[in-house]
Amino acid sequence: MSVAIEGAAQVMRVPDGVPYLRSADEVALEPGDLTLDVAADARIDARGCAVIPGFVDCHTHLPFAGWRAEEYERKVTGVPYEEIARAGGGIASSARSLAAASDEQVLAQAERLAREMLQHGTTVFEGKTGYGLSREGEARSARLGRELAGRVVQPMTLTGLFAHAVPPGFTADEWMDEAEALARECDVDALDIFVESVAFGNEHLARMGRIAAATGRPLRAHAEQLSTMRSVPVALEHGARSLDHLSRIHADDIAPLAAAECAAVLLPGAELMNAEDTAPARALADAGAICVLATDFNPGTSPILSIPLIIGIAVRRYGWSVREALLASTLNAAWVLGRALDPDDVLVLDGPAEHVPYRLGHNPVAVVIAAGEVVWVRPDQAWRVGR
Ligand code: NIG
Ligand code: FE
């Protein structure tokens, strides 16, 4: 049995066996057919379409509970963040929502969102803890993350963002003892920390690096998002797998990051919605960094779950080519999660790849094939699929 995708205007291909690419020159987009030898039977008419790997969203904050739309309105109308935080907003607000929601409520919301992500082409995603904000809350968040993984179509990895905000009643140093205990007792695939003037410092990043090494997990960090902390050399010294955000990376840190085996995970949705600086993405790509795009999907800084929309913002703001953006949201993103691209995760788009960033806001995903199965066909594109 096979899924035969026929007559595509473009089939995206990356060289076999490479874990990541530092340049999109090796990404091919040529006309052709694609046959998957899988346990399903389908023929897909792909005339006029691009056929590309499924998107890998390597940075989301699922599972979370509720939203923060009122806070967004306050933010855009000019209320300073400090005032929003004093009024109980920000991460603390999402922590209260998570604590107030039942397990089933949290999982049902996250499952619906994962389904919506699938319809936008995301066939693998990562989630994080981080809205628990207490020892018990973070342990629960890790448990819910794993339960979510069991309920969604996509493979989901889980990162312990145990150092996200300093919980009330703790100093950052004291909380790191709790974060270390959580890292040792919770079932997570990677560790993350929010390094920021209002959160944790470089000494805590170094400690998280030691915890990651001791427990055999990759180290990731939210770094250089709102202020320049010079976290890059510290993270590289500890062998970080990725540095995420980088809107305010110091110019002197671009070359060392680009030379390292550490991904630059750029989050243009947060840059837009949270009015952050734009990461020097053109310079990072030109310097040969392992460039990655992700949504940062969370109820505060980036309530965006669509990778096509993220690609659109990135191409416009970063001065990236379509190939660069596609590479950053497929092969290179999978590497951040320690995965190879699954050749049986395939998207058929409703037009050429160049339309993904150009038709900003349009969802170009016509057909989603995950693990060799047709899991989503957009109703107006059903005519393409036969058995
Ligand atoms: O990636 N930077 C810290 N954490 C999240 C957002 C946290 C929130 O506002 O809920 C981020 O932007
Ligand atoms: Fe984030």
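Quantities reported herein were computed from a predicted structural model and do not represent experimental measurements.

Draft legend 1. Broad picture of the overall build of the chain. Helix and strand counts for the chain stand at 15 helices and 16 strands. Computed over its C-alpha atoms, the radius of gyration of the chain comes to 20 Å, within 12% of the 21 Å expected for a compact globule of 387 residues. In terms of principal-axis extent, the alpha carbons of the chain reach across some 60 × 45 × 45 Å. Per-residue burial over the chain gives 51% buried out of 387 residues. Pairs at least 24 residues apart make up 71% of the contacts formed inside the chain by residues separated by at least 6 positions.

Draft legend 2. Quick peek at helix α6 (residues 172–185). Over its 14 residues, α6 extends 20 Å from the first C-alpha to the last, a length consistent with the 20 Å expected when each residue adds 1.5 Å. Here α6 has its buried residues at W175, M176, A179, L182 and A183. Seen end-on, α6 carries its buried residues on one side only, within an arc spanning 120°. Turned more than 90 degrees away from the buried face of α6 sit E174, D177, R184 and E185, all of them exposed.

Draft legend 3. The pairing of strand β9 (residues 220–223), seen in detail. On β9, burial covers both faces: R220 and H222 on one face and A221 and A223 on the other are all buried. For the crossover that starts at β9, traverses helix α8 (residues 232–237) and ends in the parallel strand β10 (residues 242–245), the hand is right-handed.

Draft legend 4. Looking closely at the sheet that holds β9. Read from one edge of the open sheet, 4 strands run β9-β10-β11-β12, paired in parallel fashion. Single-partner strands in this sheet number two, and they are β9 and β12 (290–293). Across the sheet, the axes of successive neighbouring strands diverge by a mean angle of 25°, strand direction being ignored.

Draft legend 5. Inspection of helix α3 (residues 91–100) at higher detail. Among all positions in α3, only I91, S93, S94, A95 and L98 are buried. Next to the buried residues of α3 lie α1 (69–76), α4 (103–119) and α5 (135–149).

Draft legend 6. Representation of unusual backbone geometry within the structure. Note the cis peptide between L62 and P63, where omega equals 0°. Its place among the elements puts P63 in the loop between β5 (55–57) and α1. In this structure, R230 takes a positive phi of about 55° despite not being glycine. Assignment of secondary structure puts R230 in the loop between β9 and α8. In the Ramachandran plot, A275 falls in the positive-phi region, its phi being about 50° despite a non-glycine side chain. Along the polypeptide, A275 turns up in the loop between α10 (268–273) and α11 (281–286). With 11 C-beta atoms counted inside 10 Å, the residue A275 sits in the exposed group.

Draft legend 7. Inspection of the sheet that holds β5 at higher detail. Spatial ordering of the open sheet is given by β5-β6-β7-β8, a layout of 4 strands whose pairing is parallel. Only two strands of the sheet have a single partner each, and these edge strands are β5 and β8 (190–193). Across the sheet, the mean angle separating the axes of adjacent strands is 20° when strand polarity is ignored. In the sheet, β5 pairs with strand β6 (residues 122–128) via 3 bridges, with the strands oriented parallel. Note that in β6 the partner of D57 across the bridge is F125. Docked against the sheet, helix α7 (residues 202–215) engages β7 (156–163) and β8, running at close to 175° with respect to β8.

Draft legend 8. Highlighting the environment of H120. Secondary-structure assignment places H120 in the loop between α4 and β6. With 32 residues separating them along the chain, H120 and G88 place their C-alpha atoms 33 Å apart.

Draft legend 9. Highlighting the site of ligand 1. As a structural note, the neighbourhood of ligand 1 is formed by G90, I91, S94, F194, H222, Q225, A270, D296, N298, P299, G300 and T301. Considered class by class, the residues forming the shell around ligand 1 number 4 nonpolar, 7 polar and 1 charged.

Draft legend 10. Quick peek at the nonpolar core. Ranked by internal contacts, the top residues of the largest apolar core, which has 128 residues, are L243, A264, L266 and V292. No other element matches the 8 residues that helix α12 (residues 307–318) contributes to this core. In terms of domain composition, this core takes at least three residues from each of domain 1 (3–52 + 342–386) and domain 2 (55–67 + 95–336). Non-local contacts of L266, meaning those with residues more than four positions away in its chain, are made with L246, A279, A281, C291, V292, L293 and A314.

Draft legend 11. Just the domain arrangement of the chain, in detail. Assigned domains of the chain: these are domain 1 (3–52 + 342–386) and domain 2 (55–67 + 95–336). Elements with a minimum of two residues in the side of domain 1 that touches domain 2: α15 (355–358), β14 (365–370) and β15 (373–377). Element by element, the count of residues in the side of domain 1 that touches domain 2 is highest for β14, at 3 residues. Taken together, the residues of the side of domain 1 that touches domain 2 sort by class into 20 nonpolar, 3 polar and 3 charged.

Draft legend 12. Broad picture of the packing of α4 against α5. Relative orientation of the contacting elements α4 and α5 amounts to 50°, with a least axis distance of 10 Å. In this view, α4 runs oblique relative to α5, as classed from their interaxial angle. For the element pair α4 and α5, the recorded crossing hand is right-handed. Side by side, α4 and α5 meet where D103, V106, L107, A110 and E111 of the first sit next to L144, E147 and L148 of the second.

What counts as what
Residues numbered from 1 in each chain as written. Chains lettered and ligands numbered in written order. Predicted model: local features only at pLDDT ≥ 70, side-chain atom pairs only at ≥ 80, totals over all residues. Helix = DSSP H or I, 4+ residues; strand = E, 2+ residues; numbered from the N terminus. Rg over C-alpha atoms; globule rule 2.2 N^0.38 Å. Buried ≥ 20, exposed ≤ 12 C-beta atoms within 10 Å, placed from the backbone. Contact = placed C-beta atoms within 7 Å. Expected span 1.5 Å × (residues − 1). Arc of directions from axis to C-beta. Right-handed = clockwise from strand over helix to strand, strands pointing away. Pairing = 2+ DSSP bridges. Axes fitted to C-alpha atoms, helices over the stretch in contact; angles between N-to-C directions. Near = placed C-beta within 6 Å. Nonpolar A, V, L, I, M, F, W, Y, C, P; charged D, E, K, R; others polar. Core = buried A, V, L, I, M, F, W, Y, C linked by C-beta atoms within 7 Å. Domains from an automatic or database assignment. Parallel < 35°, antiparallel > 145°, perpendicular 65-115°, else oblique. Left-handed = near helix turned anticlockwise from the far one by under 90°.

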